[in-house]
Amino acid sequence: MQQPVVSCSMPSEEIKSLSLPVGWKCYRSPEGQKYYVNISTKVNGHQLLGASGHVLEHLDVSLGKNSLSNQSPGSTSPARRQNKEKEIKETKITINCVTFPVPASALEQQLLKPSEWSYCDYFWADKKDPQGATVSGFEVLLQKQLKGKQMQKEMAEFIRERIKIEEEYAKNLSKLSMFPMAAQEEGTLGEAWAQLKKSLADEAEVHLKFSSKLQSEVEKPLLTFRGDNFKKDMKKYDHHIADLRKQQVSRYAAVEKARKALADRQKDLEVKTQQLEIKLSNKTEEDIKKARRKSTQAGDDLMRCVDLYNQAQSKWFEEMVTTSLELERLEVERVETIQQLLRQYTTLRHETDMFNQSTLEPVDQLLQSVDPAKDRELWVKEHKTGDLRPVDMDI
């Protein structure tokens, strides 16, 4: 608060008992009021009044206070307070009750895990979903986990359909192998044909084993990986972070309420001070002191609310980092597990091809042994009707 310079006609004495910074002096008015004057600015007609020995904010840094943040905003002059708020607003912005640095100052902020595209670095802000609803960054991470669980389920269903096809194929192959078609084929060709039919039964057995292994080594692990408790765990994470966020919202509302209360108190103090200066009111200096105390108390309340808000945001920040890294670990685990199971699928598939090839080897061998001449010999020996050829008739 600014006051006119003490009149030179008023008796005053320089106070020696208080050690002041260079350029500052303390005077006492005839009424016993202490005034702290910065000689370098006195020529401009400005000095600061400290009622009952109270040092105002322009002396804070000079008298050894660490920073303006440690001082009650209620004891700050309106102009200084507005400048401070403007400075803060220029470097910080609050979105949905979360305080962020503005983009210009955010360049100084380093990623927690540079070059890793980590969850803990890229999901702090909220976003809009296609329906226009606000979705927090943590909800996006949770949706990724739940989507991963759904993808895992659909993969298991796909493998189940593959198993059904294999089982049906094996059944049809086995049935076809027993058909009596061309059963009367003879000779070496008949042997090769019989072996080909038998290979169908062998191949059916291979596919049946393939389907069984798919069920036990691929489908079942896909279904059992992260069972029913997984969604419950995700809900616990969701509720925990949501509760912290709600607390932060509540603390932010308290800050705004305290900020408004301080503005009202300071406005009241300014009005009463102006009325006293221009003699428009009979308010005594005690009324001014009372208004100043209320303003200081409102400033203290604001500082307390800001501190509580920062504590809540700090707790939310810590839990966000911890939990997002856990979700990141779970996603890596999911991808690697499914990768391993799909590799097992390809391994089984290669084995099936190998076993199927082995069922054809006897067929190939017999086909190489097919000999039309031999077949003719065998058939003639079995079915011949006589080897005496007709001759000419004699007269």
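Before reading further, recall that the structure is shown in the block above.
Figured I'd write up the structure that's included with this text. Just so it is clear, the structure is predicted and the values come from calculations on it, not from any experiment.

## Observations regarding the overall build of the protein
Stage number 1. Helix and strand counts for the protein stand at 9 helices and 8 strands.
Stage number 2. Taking all 395 residues of the protein together, the buried fraction comes to 31%.
Stage number 3. Long-range pairs, those at least 24 residues apart, make up 67% of the contacts in the protein between residues at least 6 apart in sequence.

## Overview of the pattern of salt bridges
Stage number 1. Taken as a whole, this structure holds 18 salt bridges when the rule is applied.
Stage number 2. Where E319 meets K315, a salt bridge forms, and the shortest distance between an N and an O atom there is 3.4 Å. One end of the pair, E319, and the other, K315, are both in helix 8 (residues 285–369), 4 residues apart, so they sit about a helical turn from each other.
Stage number 3. Take K315: its relative accessible area is 37%, and that puts it in the partly exposed class.
Stage number 4. Through salt bridges that share partners, K113, E116 and E328 make up one connected network.

## A closer look at the nonpolar core
Stage number 1. With 17 residues, the main nonpolar core has W124, F138, M234, W316, M320 and L327 as its most contacted residues.
Stage number 2. Taken together, the elements giving at least two residues each to this core come down to strand 6 (98–101), helix 4 (119–122), helix 5 (137–177), helix 7 (229–277) and helix 8.
Stage number 3. Here the element with the most residues in this core is helix 8; it accounts for 5 residues.
Stage number 4. Setting aside anything within four residues of it in sequence, one finds F138 in contact with F123, Y237, D238, I241, M320, T323 and L327.
Stage number 5. Counting residues in each nonpolar core, the second largest holds 11 residues, with I163, L214, L341 and L348 among its members.

## Remarks on a positive patch on the surface
Stage number 1. A surface patch of like charges, here positive, comprises K153, K231, K232, K235 and K236.
Stage number 2. You can call K236 exposed: its relative accessible area is 59%.

## Remarks on the environment of E361
Stage number 1. Relative to the assigned elements, E361 resides in helix 8.
Stage number 2. E361 sits in the partly exposed class, given a relative accessible area of 42%.

## Some remarks on the packing of helix 7 against helix 8
Stage number 1. Packing of helix 7 against helix 8 brings their axes to within 8 Å, and their N-to-C directions diverge by 160°. For the element pair helix 7 / helix 8, the angle class is roughly antiparallel. Like other packed secondary-structure pairs, helix 7 and helix 8 cross with a definite hand, here left-handed.
Stage number 2. Class assignment of the residues belonging to the contact of helix 7 with helix 8 gives a composition of 26 nonpolar, 9 polar and 12 charged.

## Examining the pairing of strand 6
Stage number 1. Burial along strand 6 is one-sided: the residues V98 and F100 are buried and none of T99 and P101 is.
Stage number 2. Of the pairings in the sheet, the one linking strand 5 (residues 92–95) to strand 6 comprises 4 bridges and is antiparallel in character. Counted as the bridge partner of T94 is T99 from strand 6.
Stage number 3. Between strand 5 and strand 6, which pair antiparallel and follow one another directly, the connecting turn spans 2 residues, one of which, N96, has a positive phi of 50°.

The rules we used
Residues numbered from 1 in each chain as written. Predicted model: local features only at pLDDT ≥ 70, side-chain atom pairs only at ≥ 80, totals over all residues. Heavy atoms only, no water. Helix = DSSP H or I, 4+ residues; strand = E, 2+ residues; numbered from the N terminus. Buried < 20%, exposed > 50% of the residue type's maximum accessible area, 1.4 Å probe, protein only. Contact = heavy atoms within 4.5 Å. Salt bridge = Lys/Arg side-chain N within 4 Å of Asp/Glu carboxyl O. Core = buried A, V, L, I, M, F, W, Y, C linked by side-chain atoms within 4.5 Å. Patch = residues over 30% accessible without salt bridge, like charges linked within 9 Å, V, L, I, M, F, W, Y side chains within 5 Å. Areas by Shrake-Rupley, 256 points an atom, 1.4 Å probe, with all protein chains shown as cover. Lys, Arg positive; Asp, Glu negative; His and termini not counted. Charge placed at Lys NZ, Arg CZ, Asp CG, Glu CD. Axes fitted to C-alpha atoms, helices over the stretch in contact; angles between N-to-C directions. Parallel < 35°, antiparallel > 145°, perpendicular 65-115°, else oblique. Left-handed = near helix turned anticlockwise from the far one by under 90°. Nonpolar A, V, L, I, M, F, W, Y, C, P; charged D, E, K, R; others polar. Pairing = 2+ DSSP bridges.

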